[in-house]
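Read off the chains here:
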Amino acid sequence: MTVTATAGTMSATRRKKEVRRVILSSYLGSTIEFYDFLLYATAASLVFGPVFFAGLDPLAATIASMGTFAAGYVARPLGGIVFGHFGDTVGRKAMLLISMTVMGIASFAIGLIPPPEMIGSWAAVLLVLLRVCQGLAVGGEWGGAALMSLEHAESGKRGFAAAFTNAGAPTGALLGTLALAAVSLLPDEQFLTWGWRIPFLISALMLALGLFVRSKVSESPLFTAALKESAEKETTPPIVTILKRPRAVVVASMSCIASFGMQTAFTTFAITYAVSSGAQRSDALLAFSLCQFCAIFLVLGSARLSDRIGRRPVMLAGLAAMILSVYPLFLLLGTGQFLFIALAFVGYTICHSATYGPMAAFISEQFGTRARYTGASLGYQLATLVGAGFTPVILASLFASSGKSIVPVGLFVIALCVVSAVFLLATKESKDNDLSADTPSA
């Protein structure tokens, strides 16, 4: 029996209901995972420097804090490989439940780390170790969530369905930023002593909700059919299949590094830059929250557009827009005024969403069914590592070494956009690829 035939055995009504349930599960699961992961990003820019690296001068503390942030990105490709392997051999659903559990426990534990005054340098060590656990978890989460939506969806609607996984990122960032903004209204001493911990501790409640919703969905029909077919013949381990065709991973990851570079630049460096330029910390976080709310709809809208005109045109448009607007956006951030900061963040969101909305489908469509979890996870997580992992440290270092000039910061973002555009231009359009094939048709 073919994959297509197996996937089509359920009634049309039941199938639509199941697709909606799977998309909701992917969206909520991704929201929870990215709430935890990106909450750390915001906390790294505002909290962890003075809390865990108080012995350093402020700029060095910020750089050290961003270094712990990078540890999560280093771990993400490994998480993609490990969870991808079992997701391609055991099942998508089981790996999603495990990845969510690891993320929730790690984030809750970050909120319980004793201060350096109690355990000395072990506080920073625990912070890094738990950040690595977050990286492993989100490394496995994205691929499974995107594939569950993609492989349940009808042809012609795959980009929109898969984009709900990516829409979970700004939703999670919005919730995390709002939570941190709320506790940042506390006096500085209380905020840095215990207030910042509250958003991390809330992870326990979100974990319970996420596991309940995710446990109700069915396994991917394409994977189920492929698993039956593979039982009848010898199969190659997924990672071996991917490494035999490395071009797909390289192209997928390099095409997306700019999206993660600009995302990280505006979720970490830009917030710090706005605050250092005179903005109130709560105002900068509120402005960023506004842009994340807009991003939810812009990500879905750009994905819907990519179902009609293609992934590549939409993503290339976002890269071009960022190249043209990066300096005006930073000039707005440097005013220290809430309205201009909000406009800057919304402008960034428009550019970023065009690259990020079609991404889930674009990356997943580069790989065949039997190795898609591994390939998509590895491609996505390598893109996050190269494009985002060390970007906060690089930007902070460039800013400091240039006498606090924004010019090298903008040039770095532009360079990432150019690289991604070159690799996108080297790919074929993927929106019409046959997902039931062992290898992509284009």
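Only a predicted model underlies this, so the values are computations on that prediction, with no experimental measurement involved.

As a further point, take the side chain of threonine 171. Relative to the helices and strands, threonine 171 is located in helix H8 (residues 158-183). When its relative accessible area of 9% is taken as the criterion, threonine 171 is described as buried. In terms of polar contacts, threonine 171 uses its side chain to reach the side chain of tyrosine 27, at 2.8 Å. Those residues within four positions of threonine 171 in sequence are excluded, and the remaining contacts are Tyr27, Thr31 and Ile296.

Of all residues in the protein chain, 91% attain a pLDDT of 70 or more, and the chain-wide mean is 84. Taken as a whole, residues 1-9 scores under 50 in pLDDT and shows 13 contacts with residues more than four places along the chain or in a different chain.

With that settled, consider unusual backbone geometry. Of note, lysine 404 is a non-glycine position whose phi angle comes to about 65 degrees, a positive value. Relative to the helices and strands, lysine 404 resides in the loop between helix H21 (391-401) and helix H22 (407-425). According to the relative accessible area criterion, lysine 404 is exposed, its value standing at 63%.

A separate point is the pattern of salt bridges. In total, this model carries 4 salt bridges according to the counting rule given. Here arginine 158 ties to glutamate 365 by a salt bridge, and the two come within 3.0 Å at their closest N and O atoms. Of this pair, arginine 158 sits in helix H8 while glutamate 365 sits in the loop between helix H19 (359-364) and helix H20 (372-389), placing them 207 residues apart in sequence. Relative accessible area serves as the criterion here: at 1%, glutamate 365 is assigned to the buried category. The partner of arginine 281 in a salt bridge is aspartate 188, with the nearest N and O atoms 2.8 Å apart. Separated by 93 residues along the polypeptide, arginine 281 in helix H16 (residues 281-309) and aspartate 188 in helix H9 (residues 188-195) bring together distant segments of the chain. One salt-bridge network, held together by shared partners, links Arg158, Asp307, Arg311 and Glu365.

Per the stated rule, a full pass over the model turns up 20 aromatic pairs. Ring centres of phenylalanine 48 and phenylalanine 52 lie 5.6 Å apart, and the angle between their planes is 65 degrees; on these two criteria the pair is classed as edge-to-face. Pair noted here: phenylalanine 48 and phenylalanine 52 are both in helix H3 (residues 48-52), with a separation of 4 residues, about one helical turn. Across the pair, exposure class does not vary: phenylalanine 48 and phenylalanine 52 are buried alike. Residues phenylalanine 260 and tyrosine 380 carry aromatic rings whose centres are separated by 5.0 Å and whose planes lie at 90 degrees to one another, so their mutual orientation is edge-to-face. Taken together, the residues phenylalanine 260 in helix H15 (residues 257-276) and tyrosine 380 in helix H20 connect sequence positions 120 residues apart. Phenylalanine 260 sits in the buried class, given a relative accessible area of 1%. Classification of tyrosine 380 by relative accessible area gives buried; the value is 0%. In this structure, arginine 304 packs its charged tip against the face of phenylalanine 160, placed 3.9 Å from the ring centre.

Let us now look at the packing of helix H7 (residues 122-152) against H20. At a closest axis distance of 9 Å, the pairing of H7 and H20 adopts a crossing angle of 125 degrees. Classified by the interaxial angle, the pair formed by H7 and H20 is oblique. Handedness of the H7/H20 crossing: right-handed. In this structure, H7 contributes Val138, Gly139, Gly140, Trp142, Gly143, Gly144, Leu147, Leu150 and Glu151 to the contact, and H20 contributes Arg372, Tyr373, Ala376, Ser377, Tyr380 and Gln381. Here the contact of H7 with H20 is built from residues that sort into 7 nonpolar, 6 polar and 2 charged.

Our next topic: the domain arrangement of the protein chain. As assigned here, the protein chain comprises domain 1 (19-228) and domain 2 (237-441). Distance between the C-alpha centres of domain 1 and domain 2: 18 Å. Taken together, the contacts link 63 residues of domain 1 with 59 residues of domain 2. Considering only the side of domain 1, the residues that lose the most area to domain 2 are Trp142, Arg158 and Phe160, jointly responsible for 13% of the buried surface there. Scanning the region where domain 1 abuts domain 2 turns up 2 salt bridges. Joining domain 1 to domain 2, the criterion identifies 15 residue pairs in polar contact (both at pLDDT 80 or more). Here the element with the most residues in the side of domain 1 that touches domain 2 is helix H4 (residues 58-89); it accounts for 18 residues.

By the secondary structure assignment, valine 250 is in helix H14 (residues 246-254). The partly exposed category is assigned to valine 250, whose relative accessible area is 41%. Between the C-alpha atoms of valine 250 and alanine 279, which are 29 residues apart in sequence, the distance is 40 Å.

Quick look at a positive patch on the surface now. Among the surface-exposed residues, Lys16, Lys17, Arg20, Lys157, Arg304 and Arg308 lie close enough to one another that they form a single positively charged patch. Every element with two or more residues in the positive patch is listed here: helix H2 (12-46) and H16. Considering every element that reaches the positive patch, the biggest residue donor is H2, with 3 residues. Structurally, the position occupied by arginine 20 is in helix H2. Judged by its relative accessible area of 56%, arginine 20 falls in the exposed class.

Calculation notes
Residues numbered from 1 in each chain as written. Predicted model: local features only at pLDDT ≥ 70, side-chain atom pairs only at ≥ 80, totals over all residues. Heavy atoms only, no water. Helix = DSSP H or I, 4+ residues; strand = E, 2+ residues; numbered from the N terminus. Buried < 20%, exposed > 50% of the residue type's maximum accessible area, 1.4 Å probe, protein only. Polar contact = N/O pair within 3.5 Å; in protein donor to acceptor, adjacent residues only side chain to side chain. Contact = heavy atoms within 4.5 Å. pLDDT = per-residue confidence, 0-100. Salt bridge = Lys/Arg side-chain N within 4 Å of Asp/Glu carboxyl O. Phe/Tyr/Trp six-rings, centres within 6.5 Å; stacked < 30°, edge-to-face > 60°. Lys NZ or Arg CZ within 6 Å of the ring centre and 35° of its normal. Axes fitted to C-alpha atoms, helices over the stretch in contact; angles between N-to-C directions. Parallel < 35°, antiparallel > 145°, perpendicular 65-115°, else oblique. Left-handed = near helix turned anticlockwise from the far one by under 90°. Nonpolar A, V, L, I, M, F, W, Y, C, P; charged D, E, K, R; others polar. Domains from an automatic or database assignment. Buried area = accessible area lost by both parts, 1.4 Å probe. Patch = residues over 30% accessible without salt bridge, like charges linked within 9 Å, V, L, I, M, F, W, Y side chains within 5 Å. Areas by Shrake-Rupley, 256 points an atom, 1.4 Å probe, with all protein chains shown as cover. Lys, Arg positive; Asp, Glu negative; His and termini not counted. Charge placed at Lys NZ, Arg CZ, Asp CG, Glu CD.

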